[in-house]
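Secondary and tertiary structure notes
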Amino acid sequence: MSVCAKMSLSLSLAGAVSRGAKSAARTLRRQMASATALSDFEQQHKTPVIRRQENMPIAEYGGRHAVTMLPGGGIGPELMGYVKEVFRVVGAPVDFEVVDINPDAETNDDLEYAIMTIRRNGVGIKGNIETKSELAGVLSRNVALRNELDLYVNILHCRSYPGVPSRHSDVDILIIRQNTEGEYAMLEHESVHGVIESMKVVTADNSERVARYAFEFAKKNGRKKVTTVHKANIMKLSDGLFLETSRKVAKDYPEIEHNDMIIDNCCMQLVSRPHQFDVMIMTNLYGTIVSNVVCGLVGGAGLLSGRNYGEHYAVFEPGTRNTAIAGKNIANPIAMLNASVDMLNHLGNHYHADLIENAIKKTISVDLIHTPDLKGTATSMDVVQSILSNLSK
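In this text, all values refer to a predicted model and were calculated from it rather than measured experimentally.

Cut-offs used in this document
- Residues numbered from 1 in each chain as written.
- Predicted model: local features only at pLDDT ≥ 70, side-chain atom pairs only at ≥ 80, totals over all residues.
- Heavy atoms only, no water.
- Axes fitted to C-alpha atoms, helices over the stretch in contact; angles between N-to-C directions.
- Helix = DSSP H or I, 4+ residues; strand = E, 2+ residues; numbered from the N terminus.
- Parallel < 35°, antiparallel > 145°, perpendicular 65-115°, else oblique.
- Left-handed = near helix turned anticlockwise from the far one by under 90°.
- Contact = heavy atoms within 4.5 Å.
- Nonpolar A, V, L, I, M, F, W, Y, C, P; charged D, E, K, R; others polar.
- Expected span 1.5 Å × (residues − 1).
- Buried < 20%, exposed > 50% of the residue type's maximum accessible area, 1.4 Å probe, protein only.
- Arc of directions from axis to C-beta.
- Polar contact = N/O pair within 3.5 Å; in protein donor to acceptor, adjacent residues only side chain to side chain.

Further remarks concern the packing of helix 12 (residues 350-366) against helix 13 (residues 380-392). The geometry of helix 12 relative to helix 13 is characterised by a closest axis approach of 8 Å and an angle of 125° between their N-to-C directions. In terms of orientation, helix 12 and helix 13 fall into the oblique class. Where helix 12 crosses over helix 13, the two elements pack in a sense that is right-handed. Each of Leu355, Ile356, Ala359, Ile360, Lys362 and Thr363 in helix 12 lies in contact with helix 13, whose residues at this interface are Val383, Ser386, Ile387, Asn390 and Leu391. The class makeup of the residues in the contact of helix 12 with helix 13 is seven nonpolar, three polar and one charged.

This is the structure we're talking about:
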């Protein structure tokens, strides 16, 4: 081949590569421009370039979504019954695939099947799933679900409800916790007889994922401040890594204030001056502690919902993962119903989510229908009937 021919071929190839790169760039820009119009569910499953993940199959048929429902133990089954009834009345386009997990099981078969259905459907809603077996090979159901599905972040929106008696009013705090590591890594062993070692695992990658998620969440939702909660004065390597990663990520968001606070001081500050907090990020165990403290400030465990997110899947549940009293018609159904509202918003069904959320607010703050945990006398069914009545109006 002549020199001129070689040069011509090289230029043609370079032009083709350039045109290909421009085409890919245009495709990416189109996807990014349309991403804001997609629901969270669609962004997880239909925009793999933006999310930098593989495109996952989704269970969506004729505009209806299949959702895995894990009732769990204690009050879980009765609360899920209320969710089904509210969805039926409001006409929410969701079909539930109910999966029961036996808390007394000596194997992980039920757990593995539940995980498979969430992988197939992409979304789940759950109660607290008990693990009664003490065998080492039987995994904690709640922890294993989060680890196997890589639900690396949990969000708890702690906000006051007008009309609910509490020590502080107008509380509005977002708790964002690392959901798969820390003390809940489930790595324990007996080094010598009578000496148990439990490993706390903190990795730079997961710490950065959670920190960046928190700052992006704050930026997207107009929040002004992020507080990192830690115990780095004692656990200098593990909590030190989490704190240092948060500080590093904070530099990319100069418009958002960042500070940090030791966990024990944080609990005292929450009880005395909760309004100083906006968005809080922390490792797993601290998240359990702080979530329960804040829920107590705004009325208890029966009000708030929790959201678990990963790269591919989302699972919604009551915020404090308690089982409470079952079978007595006194359990507060609001937390589970709020979890169902979060799930509908995730799926993009904002119309139905708003209907249910407004009916819940009217029941609690206007009609003042409160269960005993909120110092009221209403039964669980009284609350649900009030919500259904408000929906019909």
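Here the narrative resumes.
It is worth spelling out helix 8 (residues 238-250) at this point. Taking 1.5 Å of rise per residue, the 13 residues of helix 8 would be expected to cover 18 Å, and the 19 Å separating its terminal C-alpha atoms lies within 8% of that figure. All buried positions along helix 8 are accounted for by Ser238, Asp239, Gly240, Phe242, Leu243, Thr245, Ser246, Val249 and Ala250. Tucked inside the fold, the buried residues of helix 8 contact strand 6 (172-178), helix 7 (204-220), strand 9 (225-230), strand 10 (257-262), strand 11 (279-282) and helix 10 (284-298).

What follows deals with helix 5 (residues 109-121). Residues three or four positions apart in an α-helix share a direction because the helix packs 3.6 residues into each turn. In a regular helix each residue adds 1.5 Å, so 13 residues correspond to 18 Å; helix 5 covers 19 Å between its end C-alpha atoms and thus fits that length. Of the positions making up helix 5, those classed as buried are Leu111, Ala114, Ile115, Thr117, Ile118 and Asn121. The buried residues of helix 5 all sit within an arc of 160° when viewed along its axis, so they share a single face. Across from the buried face of helix 5, at angles greater than 90 degrees, the exposed residues are Asp109 and Glu112. Gly122 occupies a position one or two residues after helix 5 and carries a positive phi of about 90°.

Within the secondary structure, Lys225 sits in strand 9. The buried category is assigned to Lys225, whose relative accessible area is 15%. Each C-alpha atom, one on Lys225 and one on Glu255, is 9.0 Å from the other, the two residues being 30 residues apart in sequence. Once you skip the residues sitting within four places of it in the chain, Lys225 turns out to touch Ile256, Glu257, Asn259, Gln276, Asp278 and Val279. A distance of 3.1 Å separates a polar atom in the side chain of Lys225 from the backbone oxygen of Gln276.

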